[in-house]
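# Structural characterization, general
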Amino acid sequence: MDVIRTAIGLMSGTSMDGIDVALIRTDGRGFIERGPFMGVPYDPDFRGQLKRALELSRPLTDRSERPAELREIELELTWRHAIAVTAFMERFGLSADAVDVLGFHGQTVLHHPDEGLTIQIGDGGELAKRTGISVVYDMRANDMVHGGQGAPLVPAYHAALAGKFQQAGQAVCFVNIGGISNLTFIGTDGRISAFDSGPGNTLIDQWVEMQTGKTYDPSGEIGGRGKVVASLAERYLQSPFFRGNIRRSLDRGDFAPLQPEEASLEDGARTLAHVAAASIIKSASFLPETPAIYIVCGGGRLNATLMAEFSVMAERLGSRVLTAEEPGFDGDAMEAEAWAYLAVRSLDGLPLTFPGTTGVDAPVSGGVLATP
Ligand SMILES: Nc1ncnc2c1ncn2[C@@H]1O[C@H](COP(=O)(O)OP(=O)(O)OP(=O)(O)O)[C@@H](O)[C@H]1O
Ligand SMILES: CC(=O)N[C@H]1[C@@H]2OC[C@@H](O2)[C@@H](O)[C@@H]1O[C@H](C)C(=O)O
């Protein structure tokens, strides 16, 4: 029998809004028992430091390079993860020896898949030392070495969750609407097809923050009061990214922010919510078939304006749209759970990525193990 391990996944995503912490028990294969979840938001000062890390990383050409200021931010990020793990274990009454492994994503500061360069800051060795728990980190690099785009990695977990839909003969597509959105299609025959689908919340967040100081559009209510400016929407939707399914993954900076003079606050938020929804539909045209069901995860599912647009577009094409919670998942915890799952797979040398997910030449494992 395969070993069942207890793993905690740690995700600091492209929205840079905080650390998601989730626990699962899994054999890294078909057995998954989902445990508790906790979100630890970043304060504005640290969000500022992460934005600075993106700037500092722009000129880097070697993924291990750490200019002094970037290294300081990396250590601060790592310590914040250690504090988040400790708080999580205290809250849920767990001791360090009850957890086999931490799956540590770190923070993506640069992602140029066409150049084979992806950089995540986060020091796995330091995290293992601080928490007393083994850490699997740097899970994207080996995929790139083998011809993949280094993202998305969550599809292996989505596929493991999709069993019940497969048994019901339904082709299902997970949609993660984070800073960037990504899709995982699982056919009735188990076939996986996955890729980033376009801008998610990042453009909306940047727009709302620039105009109001709020970091996002709560429930999509600002956008809900606006109208779509077709010419602006088209500017995004005519991007070459949507013309072919060659580039499977995106960088946070691939779509330029809307400029303040280009729209009113409300119309800008509405237009960008429309762009986020339409991007998913455009990219979904490259899936092997139209999914019977979309399962929506990530913070974007809480933007009612975006969700209303997406539901209308998807239903017109014959698909049903469910939030992750409707079939019993947790849309906030999904990526952190996935990082826990991938860490366990890494320990067992199982593939993390597949030709149908990152475009890697053949299924490969990945991740680096650090012990306390
Ligand atoms: N209540 C809410 N109403 C509207 N939008 C929300 C709400 N809560 C979160 N969001 C949006 O979700 C974003 C965070 O989503 P999430 O945590 O899924 O992204 P991420 O994991 O950082 O990104 P990625 O998946 O690209 O790595 C926020 O930046 C915000 O735009
Ligand atoms: C390079 C990188 O960090 N990419 C993220 C980003 O955020 C969403 C999308 O773009 C996805 O490709 C990926 O994250 C998820 C967790 C993944 O790898 O599956």
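Residues numbered from 1 in each chain as written. Chains lettered and ligands numbered in written order. Predicted model: local features only at pLDDT ≥ 70, side-chain atom pairs only at ≥ 80, totals over all residues. Heavy atoms only, no water.

Threshold: UniProt positions are given in the numbering used here, feature names are shortened, and annotations may be inferred rather than shown by experiment.
Under an unreviewed UniProt entry, the name given to the chain is Anhydro-N-acetylmuramic acid kinase, and the organism recorded is Rhizobium indicum. Word for word, the UniProt comment on the chain under Sequence similarities (unreviewed entry) is "Belongs to the anhydro-N-acetylmuramic acid kinase family." Word for word, the UniProt comment on the chain under Catalytic activity (unreviewed entry) is "1,6-anhydro-N-acetyl-beta-muramate + ATP + H2O = N-acetyl-D-muramate 6-phosphate + ADP + H(+)".

### Side note on the domain arrangement of the chain
Applied cut-off: For the purposes of this description, domain bounds are those given by an automatic or database domain assignment. Residue contacts follow a heavy-atom distance rule, with two residues in contact if any of their heavy atoms lie within 4.5 Å. Accessible-area loss on putting two parts together, using a 1.4 Å probe and summing over both, is the definition of buried area adopted here. For this analysis, a salt bridge means a side-chain nitrogen from Lys or Arg found within 4 Å of a carboxyl oxygen belonging to Asp or Glu.
Each assigned domain of the chain is listed with its residue range as follows: domain 1 (5-150 + 333-370) and domain 2 (155-323). Between domain 1 and domain 2, the C-alpha centre-to-centre distance is 23 Å. Of the residues lining the interface, 29 residues belong to domain 1; the matching set on domain 2 comes to 25 residues. Summed over both sides, the interface of domain 1 with domain 2 buries roughly 2000 Å², with 56% coming from carbon and sulfur. A per-residue breakdown of the area domain 1 buries against domain 2 is headed by T14, M334 and T357, which together make up 27% of the total. Here domain 1 and domain 2 share 2 salt bridges between them. Among the salt bridges present, the one from E209 reaches R47, with a minimum N-O distance of 3.4 Å.

### Digging into the site of ligand 2
Heads up, the condition is: In these notes, residues near a molecule or strand are those with any non-hydrogen atom within 4 Å of it. Counted as a polar contact is a pair of N or O atoms within 3.5 Å, where, for protein atoms, one must be capable of donating a hydrogen and the other of accepting one, and residues adjacent in sequence contribute only when both atoms are in side chains. Every accessible area reported is derived by Shrake-Rupley at a probe size of 1.4 Å, with residue values counting cover from the shown protein chains alone. A run of H or I in DSSP counts as a helix once it spans at least four residues, and a run of E counts as a strand once it spans at least two, with each numbered from the N terminus. Lys, Arg, Asp and Glu make up the charged group, whereas Ala, Val, Leu, Ile, Met, Phe, Trp, Tyr, Cys and Pro make up the nonpolar group; the residues left over, Gly among them, are polar.
As a structural note, the neighbourhood of ligand 2 is formed by 15 residues, with T108, R140, L153, V154 and D196 the closest of them. In this structure, an oxygen atom belonging to ligand 2 sits 2.6 Å away from a side-chain N or O atom of T108. Between ligand 2 and V154 there is a distance of 2.8 Å, counted from an oxygen atom to a backbone nitrogen or oxygen. Look at ligand 2: alone it shows 430 Å² of surface, and the protein chains cover 97% of it. Broken down by secondary-structure element, the contributors of at least two residues to the shell around ligand 2 are β5 (107-112), β9 (180-186) and α12 (334-347). Considering only residue class, the shell around ligand 2 consists of 7 nonpolar, 5 polar and 3 charged. In this structure, the shell around ligand 2 is formed jointly by two domains, domain 1 (5-150 + 333-370) and domain 2 (155-323), each of which donates at least three residues.

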